[in-house]
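Here is how the chains run, residue by residue.
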Amino acid sequence: MISTAMQKAINEQINKELYSSYLYLSMAAYFENKNLPGFAKWLYVQEDEERGHGMKFFKYLLERGGTVNLAPIAGPETNWKTNLDVFKQVQEHEAAVTASINALYELALNEKDYPTQILLQWFITEQVEEEKNAGDIVHQLELIDAHGTAVLMLDKQLGKRGAD
Ligand SMILES: [Fe+2]
Ligand SMILES: [Fe+2]
């Protein structure tokens, strides 16, 4: 049986993952409106992954005999100044999620909750990838600035992202 403190923390993490999904979906809509379907595609894949992360915690909590408490999901913003601002926010958001996963791991260590530690190891590895992916796009956008042709080329490239 999972501890009350761990159950609460995992429920909060479910909310954070679902909020991530909402945020990326809102960003996808922003790019659709700007006629940049490749950027939008990248974010659709990303938002689907985040829902998957939420479901991993959801199923795990049930497997451990815990109670799932679905709290309201906050509404993300809908507008950004530049393409770069969007991906800077993705990068910052992923760094915040990493901090949250690390705090969960700390709790699992303190509680000697070994199964939760194993689950979280997957998420720790995943966050390295998430931060790298967001950082790469930030760097590319910084390189091309607002150059129209280069933005369209990057849009084509991002549009090739498959579910991974
Ligand atoms: Fe996530
Ligand atoms: Fe993420």
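Keep in mind that this is a model prediction, so the values were computed, not measured.

**Q** Any chance you could explain the overall build of the chain here in plain terms?
**A** Within the chain one finds five helices and zero strands. Counted from the first residue to the last, the chain has its helices and strands arranged as α-α-α-α-α. Over its C-alpha atoms, taken along the principal directions, the chain stretches across nearly 55 × 25 × 25 Å. Looking at the chain as a whole, 45% of its 164 residues qualify as buried.

**Q** I would appreciate a short explanation of helix H2 (residues 37-63) in the present structure.
**A** Note: α-helices contain 3.6 residues per turn, so residues at a spacing of three or four share the same orientation. The first and last C-alpha atoms of H2 sit 39 Å apart over 27 residues, in line with the 39 Å expected at 1.5 Å per residue. Positive phi shows up at Gly-65, right after H2, with a value of about 80 degrees.

**Q** Would you mind going over the pattern of salt bridges with me for this structure?
**A** Opposite charge on two side chains allows them to pair when their charged atoms are near. Using the criterion set out here, one finds four salt bridges in the structure. In this structure, Arg-161 and Glu-49 form a salt bridge, with 3.0 Å as the shortest nitrogen-oxygen distance. Of this pair, Arg-161 sits in the segment after helix H5 (148-158) while Glu-49 sits in helix H2, and the two are 112 residues apart along the sequence. Accessibility expressed as a relative area gives 10% for Arg-161, which makes it buried. For the salt bridge of Asp-136 with Lys-132, the shortest nitrogen-to-oxygen distance reads 2.5 Å. Of this pair, Asp-136 and Lys-132 both sit in helix H4 (residues 114-144), separated by four residues, roughly a single helical turn.

**Q** It is not clear to me how the coordination of the iron ion (ligand 1) should be interpreted in this structure. Could you clarify?
**A** Ideal geometry at a metal centre: 109.5 degrees between donors when four sit tetrahedrally, and 90 or 180 degrees when six sit octahedrally. Around the iron ion (ligand 1), the protein contributes the donor atoms Glu-17 (OE), Glu-50 (OE) and His-53 (ND1), at 2.1 Å from the metal centre. Counting along the primary sequence, the residues that act as donors to the iron ion (ligand 1) give the motif E-x32-E-x2-H. Separating the iron ion (ligand 1) and the iron ion (ligand 2) is a distance of 3.3 Å, and Glu-50 donates to both of them. In this pair, Glu-17 is assigned in helix H1 (residues 4-33) and Glu-50 in helix H2, connecting sequence segments 33 residues apart.

**Q** Please explain the coordination of the iron ion (ligand 2) as it appears in this structure.
**A** The coordination sphere of the iron ion (ligand 2), as far as protein atoms go, consists of Glu-50 (OE), Glu-94 (OE), Glu-94 (OE) and Glu-130 (OE), spread over 2.0 to 2.5 Å. Here the iron ion (ligand 2) is ringed by four donor atoms whose angles at the metal span 54 to 148 degrees, and the overall shape comes out irregular. If you list the donors of the iron ion (ligand 2) from N- to C-terminus, the spacing comes out as E-x43-E-x35-E. For Glu-50, a relative accessible area of 1% puts it in the buried group. On the basis of relative accessibility, which here comes to 1%, the residue Glu-94 falls in the buried class.

**Q** How should the side chain of Asn-83 be read in this particular structure?
**A** You can see Asn-83 is positioned in helix H3 (residues 83-110). Not counting the four nearest positions on each side in its chain, Asn-83 is found in contact with Tyr-30, Phe-31, Lys-34, Leu-36, Leu-141 and Val-151.

**Q** Would you mind going over the packing of aromatic side chains with me for this structure?
**A** Pairs of aromatic rings are described using the distance from one ring centre to the other and the angle between the two planes. Scanning the entire structure with this criterion turns up eight aromatic pairs. Summarising the aromatic geometry, the rings of Tyr-30 and Phe-31 are spaced 5.2 Å apart at their centres and angled 70 degrees between planes, so their arrangement reads as edge-to-face. Summarising the burial analysis for this pair, Tyr-30 and Phe-31 share the class buried. Pairwise contacts between aromatic rings join Tyr-30, Phe-31, Phe-39, Trp-42, Trp-80 and Phe-87 into one cluster. Of note, Lys-56 hangs over the ring of Trp-122, and the distance from its end group to the ring centre comes to 4.0 Å. Taking NZ or CZ as reference, Arg-161 lies 4.5 Å from the ring centre of Trp-42, over its face.

Conventions we followed
- Residues numbered from 1 in each chain as written.
- Chains lettered and ligands numbered in written order.
- Predicted model: local features only at pLDDT ≥ 70, side-chain atom pairs only at ≥ 80, totals over all residues.
- Heavy atoms only, no water.
- Helix = DSSP H or I, 4+ residues; strand = E, 2+ residues; numbered from the N terminus.
- Buried < 20%, exposed > 50% of the residue type's maximum accessible area, 1.4 Å probe, protein only.
- Expected span 1.5 Å × (residues − 1).
- Salt bridge = Lys/Arg side-chain N within 4 Å of Asp/Glu carboxyl O.
- Donors = N, O, S within 2.8 Å, 3.2 Å for Na, K, Ca; no water.
- Tetrahedral: all angles 85-135°; square planar, octahedral: opposite > 155°, others 65-115°.
- Contact = heavy atoms within 4.5 Å.
- Phe/Tyr/Trp six-rings, centres within 6.5 Å; stacked < 30°, edge-to-face > 60°.
- Lys NZ or Arg CZ within 6 Å of the ring centre and 35° of its normal.

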